[in-house]
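What follows is each chain in one-letter form.
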Amino acid sequence: MKNSIGLLEFKSIAKGIEVTDEVMKSFNVELVMSNAICPGKYVTIITGELAQVKNAIELGKTLGGIFKIEAEMIANVHPEILPALSGTAEIEGITSVGVIETMSALNSIITADIARKAANVRLIEVRIARGLGGKGFTIFTGEITAVKRAISAVHEKFVPMGDVLCSTAISNCNKELVRKLFT
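Criteria and thresholds
Along each chain, the written sequence defines residue order, and numbers are assigned to residues from 1. Where local features are concerned, this predicted model is filtered to residues with pLDDT of at least 70; where side-chain atom pairs are given and counted, the filter is 80 or more; whole-chain, interface and lining totals use all residues. To obtain the side-chain values, all non-hydrogen atoms of the structure were used and water was disregarded. For two strands to count as paired, DSSP must find a minimum of two bridges between them. Each helix is a run of H or I in the DSSP string that is no shorter than four residues. Each strand is a run of E no shorter than two, and both are numbered from the N terminus. Comment: axis = line fitted to C-alpha atoms, over the contacting stretch for helices; angle = value between 0 and 180 degrees taken between N-to-C directions. It only takes one pair of heavy atoms within 4.5 Å for two residues to be counted as in contact. An expected span of 1.5 Å times one less than the residue number is assigned to each helix. Think of it in three bands: residues with accessible area under 20% of the maximum for their type are buried, residues over 50% are exposed, and the middle band is partly exposed, with areas taken using a 1.4 Å probe on protein chains only. Relevant arc is that of directions from the helix axis to the C-beta atoms, nothing else. We call a set of buried residues a nonpolar core when its members are Ala, Val, Leu, Ile, Met, Phe, Trp, Tyr or Cys and they connect through side-chain atoms within 4.5 Å of each other. Salt bridges are identified by distance alone: a Lys or Arg side-chain nitrogen within 4 Å of an Asp or Glu carboxyl oxygen.

Some thoughts on the sheet that holds strand S1 (residues 4–10)
- Strand order in the open sheet formed by 4 strands is S2-S3-S1-S4, and the pairing between neighbours is antiparallel. Strands with a single pairing partner mark the edges of an open sheet, and in this sheet they are strand S2 (30–37) and strand S4 (68–74). In this sheet, neighbouring strand axes are inclined to one another by 10° on average, regardless of whether the strands run parallel or antiparallel.
- Bridge count between S1 and S4: 6 bridges; the pairing is antiparallel. In the strand pairing of S4, isoleucine 5 is matched with isoleucine 74.
- Packed onto the sheet, helix H2 (residues 50–64) meets S1, strand S3 (41–48) and S4 and runs at close to 10° relative to S1.
- Contacts between helix H4 (residues 105–118) and the sheet are confined to S1, S3 and S4, with S4 contributing the most and set at about 15° to the helix.

And the structure:
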């Protein structure tokens, strides 16, 4: 059972590829994402059992050395995170929409996990870094009260630290906008 997720971010594409290769050879983890992002950084996301992900992230920190930007993990991640990251989440029945934009890729994943665990919302997309200058955003749907509750839960943790750039709750989102955003 894949219940943990880990993220490694490097300021060198070459080092990112090298470290990712070694992590994948050393531990029983699954590669969710591994690619260059703007501006000249490299991000790897892995998933697997807690101990395997924890050890993989520790190795990534060590091998990344001065090129490591972030190396973090989330234990017991909500099951909707992986489909939202890979763009395979169910997008039918969208009513109200919540969007949270973060200053980093890692915080986008963490905000998605917090939002989903805090309220009865459904994750649609977690987009990180690629084409976003290193930022990220999370989009989710549900009844407007649940969407607002999810945003509030994220704000409690991240706004004081300045990690949430912007957030919004949109009631009864326009159907044409929904179609353009998610198809």
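From this point on, the discussion continues.
Re helix H5 (residues 144–158)
- Taking 1.5 Å of rise per residue, 15 residues should cover 21 Å, and H5 covers 21 Å from first to last C-alpha, within 8% of that figure.
- Residues of H5 that are buried include every one of Ala146, Val147, Ala150, Ile151, Val154 and Phe158, and no others. The buried residues of H5 occupy an angular sector of 135° when the element is viewed end-on, so they sit on one face. In H5, the exposed residues that point more than 90 degrees away from the buried face are Thr145 and Glu156.

So, the side chain of threonine 111
- By the secondary structure assignment, threonine 111 is in helix H4.
- Overall, threonine 111 belongs to the buried group, its relative accessible area being 0%.
- The residues contacting threonine 111, other than those within four sequence positions of it, are Ile100, Thr102, Thr138, Val154 and Phe158.

Topic: the nonpolar core
- By size, the foremost hydrophobic cluster in this structure holds 31 residues, and its most contacted members are Ile45, Ile109, Ile128 and Phe140.
- Counting residues per element, the ones that place at least two in this core are S1, S2, S3, helix H3 (81–86), H4, strand S6 (122–128) and H5.
- Excluding residues within four positions of it along the chain, isoleucine 109 makes contact with Ile5, Leu7, Ile45, Ile74, Ile81, Leu85, Val126 and Ile128.
- Core analysis: the next-biggest nonpolar cluster, separate from the first, contains 10 residues, Phe10, Ile46, Ile57 and Ala71 among them.

Describing the sheet that holds strand S5 (residues 96–102)
- As summarised here, the arrangement of the 4 strands in space is S6-S7-S5-S8, forming an open sheet in which the pairing is antiparallel. Either end of the sheet is taken by a strand with one partner, and the two such strands are S6 and strand S8 (164–170). Direction aside, neighbouring strands of the sheet carry axes that sit 10° apart on average.
- Of the strands in this sheet, S5, S6 and strand S7 (136–142) touch H4, which is tilted by about 170° from S6.

Focus on the pattern of salt bridges
- Enumeration over the complete set of coordinates arrives at 8 salt bridges.
- Taking the shortest distance from any N to any O, the salt bridge between glutamate 80 and arginine 116 comes out at 3.1 Å. Here the residue glutamate 80 occupies a position in the loop between S4 and H3, and arginine 116 occupies one in helix H4, the gap between them amounting to 36 residues.
- Arginine 116 sits in the buried class, given a relative accessible area of 17%.
- With a closest N to O distance of 3.0 Å, aspartate 113 and lysine 117 form a salt bridge. Pair noted here: aspartate 113 and lysine 117 are both in helix H4, with a separation of 4 residues, about one helical turn.

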